[in-house]
Amino acid sequence: MLRLQRELKRQCVCASNAVAQMARRPEFVCGAIAVICTLLTLRFALSRAKDVVKMPPPPVRFFSPNSPVIDLYMGQLDQVERYCHISEVSVVLFYAPWCGESISVKGEIDQVARKLRKQVLFLAVNCWWHQGKCRKQMNLFYYPVIHLYQRRFGPIEYKGPLTAAYIHNFIRRVMSPLQYIATHSILLDFLSHYEPGVLGYFEFNASPQPPGYLTLYISALHALKRDHHGTIRFGVITSKQVAKEISVTKPGTIYMHRHFNSSLVFPHEVLNFTAVTVYSWAFENRETFMHWLRPHGSKSLLLNNELKKGPALLLFFPFSPLAEKQPLMEEITEVVLKYHNCNNSKSVQHILQYMEQTEQADREDQSSDSSPHAVEPFFQTLKSCCNTVVLPQWHSITQTHNICELCINQTVGIRPSVVHIPECNFMEMEAALDSFYLREQMFFHLQSSTVECSNFLSYYSPFNYYTACCRTFSNSFKSELFSNAEHKSGVISHSSLPHIEDRAPILDHSQIRITGLSCNTNKTLNFYMLDSNLHWRFATRLGANESAQVQEFATIVDLWHEVHYVLDQKQLLDKSSIENIIKNYSRTYSPLNRHLIAGSKSQTQEEYLIAEVTTQTFDRIVLDTEKNVLLLYYTQWCGFCTVLNHVFIQVARLFHVNDGIIIARKDWSVKYPEDLPLTVPNLVRFILLHSSQLVRDPFRACNPDCIQKAAGLQKDRIIQLESEIERLRAEMQALHQAEKQLASQLSVTRQEEHQLKLHNYALQEQNEELKHHNEKLQELYNQRNAELAETAEKLGEIVTVSEKLLNENILLKTYMASIEELEENTYPSSTPLPIEDSGLTSTCSENDAEPFSNSDTSAL
C-alpha cells in the first residue's frame, strides 16, 4: 500500500512538473496532449486485444440420415441417458469426425445396427465438437470408444476388433450373458468348450426370479466389463436331472467346471454372495489352456510377453465369431485336451468321447446332405491299408510258419465322401501291428491249406477294426513266395515283415502319444490362436506364404532355444497335422527343420569384395574349415556400422588376393576386443593374430602392392603417432602449469575461505544484536502505537466537543442576530434601549463579543 502511494505521489509530481514546463512553453501543449492521447489509446487497445482465431465450421452428420444409428453430432451428451432408458440394450459410439478408425468403424456399426435395430438402440456422439457437452465432460484419450448399457448396468466398454462380426458377437453376449442349459447335450457342449465355464442351478417354480439368479446375471455382466474377450462363460441350469450330471443337487449352487483340476463350488459360507465376489472367485480360479491373441495394431508387447513364457504353438486360421460351428476350433480343443490330460481324467475322456461322437455325427450329416439318394450302410467297410506279417515258428520241429495279411478297415458311413482317406497311415498300421501281436497266439496253426480270417476292434477308436487272414506254409514255400514277390514287385522283403522284437526303432516313434505329452517332455507348449483375417501379417513375418489361398498356418516359436519351426503349408491344418508337429517337436532329437528367414541377396554378390551372408549361405561361407572369415554383424539402421564401412573395405583390399581369408558381414571364433579402436592397423593385427598358419606371414598374405600400401600405411601411422606424442607432451606441460596455477589459486581460496568464515561470524554477531535491537524497537513501536491510539481517542472526543460548541455558537449568533433585528424594529437607532426594560443586567459591547467570533470558534 505504501509503495502504491509513493508511486502515485511520484506520478503526481512528474505531472505537475510537466504542466509547469508546458506552461512556460505553451506552443508544446497541444502536441503533448495529442501524443499522450494517442499513447493512452494504443495502450488501452493493446491491453484489450486478443488472438483472432477463425471459428471452426459447425459439425455435420456423421452417419447417413437413413442409418438406424441416432447421430448426436452436436455432442449432446445429456440426451444419451434419456435414450438409454428407452431400450434394454444400448450401444453408444463416441467418435471424432477426423479419426480414421472412427471413419472405418462407422460402416461396421451401421451394418450391425441394421441387423439388431429391433433389439438394440444404437447411438453415436460427436466428442470432438468443442461446444458440445461430450467434449467438455468426457476426457477421452483415443477414438473411437464403444460403450454398451444393459438396462441400468454399464457402461461396458468394448475393446475388441472393430469389425462387424466381433462387435455383433459381443453385443449378443451382453444381451444374453447367461446361456440356458436345458438338456444333457447342451451341457456337454458347454463343458467341452475351451473357455472356463460357471454354471448356476436355480429352480424357477417358487418365484419369477429365485434367490441368487440376479446376482449370477450381474456377475456375468461384470465379467464382460472386465474382460472384453469373454474368457469366462456363464450358464444357468433349471432342470434337476441336468444338474445331477455335474453332481449338483442344491438350488442356488454356483459351479465352476475345470478340465484338469478339480471343479469348484462357490463357498457361500466363506465369501459374500455378491456379483463382484462371484466373478472375482471365478477369475482367480479359472483354468485356461488356450489363449486368443488379438494385438490392437499399435505398439504393444503382447506377443513378446507371451512368447517369453515358454515355447509357443501359434495357430493362424480364419475365425468367424458368429458361426454356430467351428470345426477346426473343436479339433484344436480336442488336441489340447489330450495334450494336457496327464492323469487320464475320466471327465476329460468323457468330453473327448462326446466331441468325437459329435464330430462323427456332423460328418454323417454332411455325407447324407451331399448324397441324399445314395445312403451307404453304416457298417460298409473300405479296405484302405494292408501289410503282410510272418509269425515265428510255433515249434522248431514243425518247420512251418504262419503268414498273415493284416488289413485296416474303416467304416465308410461315418465319414463324408468328399474327404480324402489316405491309402495307408503309418500310425494306424503301427497301432494295428501292436494289437495284432498281442493276439498272435490266436493265429498259430499247424499245416493247413485253408485261409482263416478274423476281425478284432482297435484299442484307440471304436470305429476302426482290423482283419487278419492267416495261413500256414513250410519253409521252402515261404522262401519261394518271398523270392517271387521280390522279383515281381521289388517291395516285399524280410525287413518289411518284422516281428515285434525286431521293431525297436519303429516302436520309438509309436511310443510318442499325444495324450498327456505335456507332462512327459521338458518342452511343454503354450497354445495361442490368432484370427488370420485380422493378423495375417504376423503369420507372413513368421514364414507363411503371403499369396496363400487358405490363410491357415501353424508355427512353433521357442525364444529360449532360438528355434522356429513351421508347418508345411501344403498340409491341411487339422487335428492330425497339429498332433504330428507337436509329437515331432517333443522328441529328444526333433526331426523338424528350423525355419530361417533367407535374405534377398543374389548369388553373384558373394564374388564382391565383401560378401553378404544370409541364412542360406552362412554355413557354406562362415563355417568353411579351409578359410578364415572376418565377420561383421550389422543392421541397416545402425549408424556406427555405416561409419565402419571404409575400414572394412580397406582391410578387404589388403587381403583380397589371399584365398585363405574372406571378409564378410554377418568351430572356433574370436570376438574383436570392445576396448580397442576399430582401425585398419588394429583390424589387420587382429586378423594376423587369430588366423591360421596360412596367413600368419604377412608377406605371404599380401602381394607387392599390398605390402607397399601396408608400408605406406604404417609410415603414415608412425608419423601420426609421433605427432600425437608431441601433442601429448605439450598437453602434459600445459597440465603441469595449470596444476601450479590451481595450487596457488587453491591457497588463495583457502585464505579467502578463512576470512569469509571470520566475516560470517562477525555478521552473525551483528545479526544477533540487530535482532535484539529489533525486539526493543518492536516493543517501543507497540508502546507508541498504544499511546497514539489513546491520543486519537482523545482527539476524537475533542472533535466531538468542538462540533457541539460550533453548533452552539451558530445558534447563539443566530439568536443574537434575531435580537438585534428585533431591537432595530422596536426602537429607533437614535434612541438607546434602556437597560432596565431589556431585562439584562449588563450591556455587551463589540469588544465583549469578540471572544465569540468565527475565528475563535474555528480555532476551537
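Residues numbered from 1 in each chain as written. Predicted model: local features only at pLDDT ≥ 70, side-chain atom pairs only at ≥ 80, totals over all residues. Heavy atoms only, no water.

(A) Looking closely at the overall build of the chain. Counting its regular elements, the chain contains 27 helices and 22 strands. Classification of the 860 residues of the chain by burial places 34% in the buried group. Counting only carbon and sulfur atoms, one obtains 55% of the accessible surface of the chain, whose full area is about 55,800 Å². (Helix = DSSP H or I, 4+ residues; strand = E, 2+ residues; numbered from the N terminus. Buried < 20%, exposed > 50% of the residue type's maximum accessible area, 1.4 Å probe, protein only. Areas by Shrake-Rupley, 256 points an atom, 1.4 Å probe, with all protein chains shown as cover.)

(B) Quick peek at the sheet that holds strand 19 (residues 563-566). The strand order 11-17-12-18-19 describes an open sheet built from 5 strands, whose pairing is mixed. Looking at strand neighbours, the two that pair on one side only are strand 11 (290-292) and strand 19, the edges of this open sheet. Ignoring strand direction, the axes of neighbouring strands in this sheet form an average angle of 20°. Relative to strand 17 (residues 526-531), strand 12 (residues 312-317) runs parallel, the two being bridged by 6 bridges. The residue bridging F317 from the neighbouring strand is D531, located in strand 17. Of the strands in this sheet, strand 11, strand 12 and strand 17 touch helix 12 (residues 327-340), which is tilted by about 140° from strand 11. (Pairing = 2+ DSSP bridges. Axes fitted to C-alpha atoms, helices over the stretch in contact; angles between N-to-C directions. Contact = heavy atoms within 4.5 Å.)

(C) Geometry of the nonpolar core. In this structure, F122, F317 and I582 are the most contacted members of the largest nonpolar core, which totals 93 residues. Sequence-distant contacts of F317, that is, excluding residues within four places in its chain, are made with W292, L328, M329, I332, M529, L530, D531, S532, Q551, E552 and L573. (Core = buried A, V, L, I, M, F, W, Y, C linked by side-chain atoms within 4.5 Å.)

(D) Fine view of the pairing of strand 19. In this structure, strand 18 (residues 553-558) lies alongside strand 19, joined through 4 bridges in antiparallel fashion. Opposite I556, over in strand 19, you have Y565 as the bridge partner. What sits between strand 18 and strand 19 in their antiparallel hairpin is a turn of 4 residues, with E562 showing a positive phi close to 55°.

(E) The arrangement of the side chain of E612 in detail. With respect to the secondary-structure elements, E612 resides in strand 20 (residues 611-612). The buried category is assigned to E612, whose relative accessible area is 12%. At 3.0 Å, the side chain of E612 and the side chain of Y634 are in polar contact. (Polar contact = N/O pair within 3.5 Å; in protein donor to acceptor, adjacent residues only side chain to side chain.)

(F) The arrangement of the sheet that holds strand 4 (residues 145-150) in detail. With respect to topology, 5 strands assemble into an open sheet ordered 1-3-2-4-5, the strand pairing being mixed. This sheet does not close on itself; its edge strands, each paired only once, are strand 1 (70-72) and strand 5 (153-158). Ignoring strand direction, the axes of neighbouring strands in this sheet form an average angle of 20°. Note: strand 2 (residues 89-95) against strand 3 (residues 121-126), 6 bridges, orientation parallel. Within the sheet, the bridge partner assigned to F94 lies in strand 3 and is V125. In this fold helix 4 (residues 100-116) packs onto strand 2, strand 3 and strand 4, with an angle of close to 160° to the strand it touches most, strand 3.

(G) Geometry of the environment of F686. Position of F686 among the secondary structure elements: in helix 22 (residues 680-690). Note on F686: relative accessible area 11%, which makes it buried. Separated by 15 residues in the primary sequence, F686 and K671 place their C-alpha atoms 9.6 Å from one another. Ignoring any residue separated from it by four or fewer positions in sequence, one finds F686 in contact with L630, V670, K671, Y672 and P673.

(H) Spotlight on the environment of C342. When you line up the elements, C342 lands in the loop between helix 12 and helix 13 (346-370). The spacing of C342 and I514 is 172 residues in sequence and 10.0 Å in space, taken between C-alpha atoms.

(I) Highlighting the confidence of the model for the chain. Across the chain, pLDDT averages 76, with 69% of residues at or above 70. Per-residue pLDDT stays below 50 along residues 26-35; that stretch engages in 2 contacts with residues further than four places along the chain or on separate chains. Confidence over residues 833-860 falls short of pLDDT 50; this stretch has 19 contacts with residues more than four positions distant or in other chains. (pLDDT = per-residue confidence, 0-100.)

(J) Representation of the state of the cysteines within the structure. This structure, assessed with the given rule, holds 2 disulfides. C127 shares a disulfide with C134; S-S distance 1.5 Å. Residue class for C127 comes out buried when judged on its relative accessible area of 1%. Here C342 engages in a disulfide with C519; their sulfurs sit 1.8 Å apart. A torsion of 85° about the S-S bond marks the disulfide between C342 and C519 as right-handed. With C342 in the loop between helix 12 and helix 13 and C519 in the loop between helix 16 (504-510) and strand 17, this residue pair connects regions lying 177 residues apart in the sequence. (Disulfide = S-S within 2.5 Å.)

(K) How the structure looks around the pattern of salt bridges. Counted according to the given criterion, the structure contains 12 salt bridges. Two residues, K133 and D78, come together in a salt bridge whose shortest N-O distance is 3.4 Å. Note that K133 is positioned in helix 5 (residues 133-137) and D78 in helix 3 (residues 78-84), a separation of 55 residues in sequence. For D78, a relative accessible area of 45% puts it in the partly exposed group. In this structure, D110 and R114 form a salt bridge, with 2.8 Å as the shortest nitrogen-oxygen distance. (Salt bridge = Lys/Arg side-chain N within 4 Å of Asp/Glu carboxyl O.)

(L) The arrangement of unusual backbone geometry in detail. Geometrically, the link from Y143 to P144 is a cis peptide bond, its omega value of -10° lying close to zero. Along the chain, the position of P144 falls in the loop between helix 5 and strand 4. A cis geometry characterises the amide bond from G154 onward to P155, with omega recorded as 5°. The backbone of S247 shows a phi angle near 60°, a positive value even though the residue is not glycine. Tracing the backbone shows S247 in the loop between helix 9 (240-244) and strand 9 (254-257). Using a relative accessible area of 67% as the deciding quantity, one classes S247 as exposed. Phi at E562 takes a positive value of approximately 55°, unusual for a residue other than glycine. Note on E562: relative accessible area 61%, which makes it exposed.

(M) Broad picture of helix 6 (residues 164-175). Over its 12 residues, helix 6 runs 16 Å from end to end, which matches the ideal 16 Å to within 8%, given 1.5 Å per residue. Taken together, the buried positions of helix 6 are occupied by A164, Y166, I167, H168, F170, I171 and V174. (Expected span 1.5 Å × (residues − 1).)

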